[in-house]
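Residue-level listing of the chains:
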Amino acid sequence: MDATEIDPSFLLISDREMYSHRDRSLAGSLGDGFVYRRIKNMLADPLLRPLLELLENGATSYEGALKLKGRGFLKTRSMTARRGPFKEEELQYVLLTGEACSYAHRWLFAKAEGPEPDLDPTEALLKAIRRYLVVDAGSGIVVGRDVLEVAIDLDDMKILGRLVHLDYGLRQLSDPGFSDPVSEADWMEARAYWSGADSADRVGAAIVSFDSSELP
């Protein structure tokens, strides 16, 4: 595999399997030099992956959000759906605190010892995260406001049906029994309209589920 095409599979696994699978994936993609060691160190931080997922994608797993909440990195807010089958429903979303953003920036812009690599470790990690929208490890997901707005606008039950209330651990909505599938291209177009947050670097918006073979 070309070292510039990072296999994101090392991000898409349970905590129980994470370290051995991740290390094999990284070693196979990057060798065992400076870039490998830097990314391995970044992913060893249990807060960094969900934090970057929320910063880059606007969504993370329920398990990841709980870790951030425990550190005081998340605030919860609610909004009322203005349209669609869940009109007038109150839905929860999350905001990252300023401390959370500072924490991420310390990792992203830290000067690491080692030679200047051809492949920047930080950009390699972000590129992998931009290849999917969110990972549902089985317990549901938590999203920011812009992702919630897009999901409501598109009647996207792949997102809405996975939303979990962070305070109670319960699904926020029940599937109404009908929904049209939303393509990644449609999702990215709608997201750009709502937030302008997605850059030209984003190449996917798949929802990865451990009970599904769907991968980015």
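Residues numbered from 1 in each chain as written. Predicted model: local features only at pLDDT ≥ 70, side-chain atom pairs only at ≥ 80, totals over all residues. Heavy atoms only, no water.

The next subject is the overall build of the chain. Regarding its fold elements, the chain presents 9 helices and 6 strands. Residues counted as buried form 45% of the 216 residues belonging to the chain. When contacts within the chain are restricted to residue pairs at least 6 apart in sequence, those whose partners lie at least 24 apart make up 68%. Accessible surface, the chain: about 10,900 Å² in total, of which carbon and sulfur atoms supply 48%. (Helix = DSSP H or I, 4+ residues; strand = E, 2+ residues; numbered from the N terminus. Buried < 20%, exposed > 50% of the residue type's maximum accessible area, 1.4 Å probe, protein only. Contact = heavy atoms within 4.5 Å. Areas by Shrake-Rupley, 256 points an atom, 1.4 Å probe, with all protein chains shown as cover.)

Core analysis: the largest hydrophobic core is formed by 30 residues, its most contacted members being Leu52, Leu68, Leu74 and Leu166. Secondary-structure elements contributing two or more residues to this core are helix H2 (34-44), helix H3 (48-57), helix H4 (62-70), helix H5 (98-108), helix H6 (121-129) and strand S4 (132-136). Residue contacts for Leu68: discarding those within four places in its chain leaves Leu47, Pro50, Leu51, Leu54, Phe73, Leu74 and Leu96. By size, the runner-up hydrophobic cluster in this structure holds 24 residues, among which are Leu133, Ile141, Ile152 and Ile207. (Core = buried A, V, L, I, M, F, W, Y, C linked by side-chain atoms within 4.5 Å.)

The next point concerns the pairing of strand S6 (residues 206-209). Burial of the side chains of S6 extends over both faces: Ala206 and Val208 are buried on one face and Ile207 and Ser209 on the other. Two strands pair when backbone bridges link them, and S4 and S6 are joined in this way by 4 bridges, in the parallel orientation. Across the sheet, the residue bridging to Tyr132 is Ala206, located in S6. (Pairing = 2+ DSSP bridges.)

Viewed as axis vectors pointing N to C, H3 and H6 meet at an angle of 70°, and their least axial separation amounts to 10 Å. As summarised for this structure, H3 and H6 are arranged roughly perpendicular, according to the angle between their axes. Every pair of crossing elements has a handedness; the one defined by H3 and H6 is right-handed. Between H3 and H6, the contacting residues are Leu52, Glu53, Glu56 and Asn57 on the first element and Leu125, Leu126 and Ile129 on the second. Of the residues contributing to the contact of H3 with H6, the split by class is 4 nonpolar, 1 polar and 2 charged. (Axes fitted to C-alpha atoms, helices over the stretch in contact; angles between N-to-C directions. Parallel < 35°, antiparallel > 145°, perpendicular 65-115°, else oblique. Left-handed = near helix turned anticlockwise from the far one by under 90°. Nonpolar A, V, L, I, M, F, W, Y, C, P; charged D, E, K, R; others polar.)

Right, let's talk about H5 for a bit. For H5, the full list of buried residues reads Ala100, Tyr103, Ala104 and Leu108. Seen end-on, H5 carries its buried residues on one side only, within an arc spanning 130°. The exposed residues of H5 that point more than 90 degrees off its buried face are Gly98 and Arg106. Buried residues in H5 make contact with H2, H3, strand S3 (90-96) and H6. (Arc of directions from axis to C-beta.)

To continue, consider the environment of Ser174. Residue position: Ser174 is located in the loop between helix H8 (157-160) and helix H9 (184-195). Between the C-alpha atom of Ser174 and that of Met157, which follows or precedes it by 17 residues, the distance is 9.4 Å.

Enumeration over the complete set of coordinates arrives at 6 salt bridges. A salt bridge links Arg130 to Glu56; the shortest N-O distance between them is 2.9 Å. Note that Arg130 is positioned in the loop between H6 and S4 and Glu56 in helix H3, a separation of 74 residues in sequence. Note on Arg130: relative accessible area 8%, which makes it buried. Note that Arg145 and Glu149 form a salt bridge whose closest N and O atoms lie 3.1 Å from each other. Of this pair, Arg145 and Glu149 are both found in helix H7 (residues 145-153), 4 residues apart, which corresponds to roughly one turn of the helix. (Salt bridge = Lys/Arg side-chain N within 4 Å of Asp/Glu carboxyl O.)

With that settled, the discussion passes to unusual backbone geometry. If you check the backbone angles, Glu88 has positive phi at about 75° while not being a glycine. The exposure class assigned to Glu88 is exposed, which follows from its relative accessible area of 58%. Phi is positive for Asp155, close to 50°, though the residue is something other than glycine. Residue position: Asp155 is located in the loop between H7 and H8.

The analysis is restricted to geometry; functional conclusions fall outside its scope.
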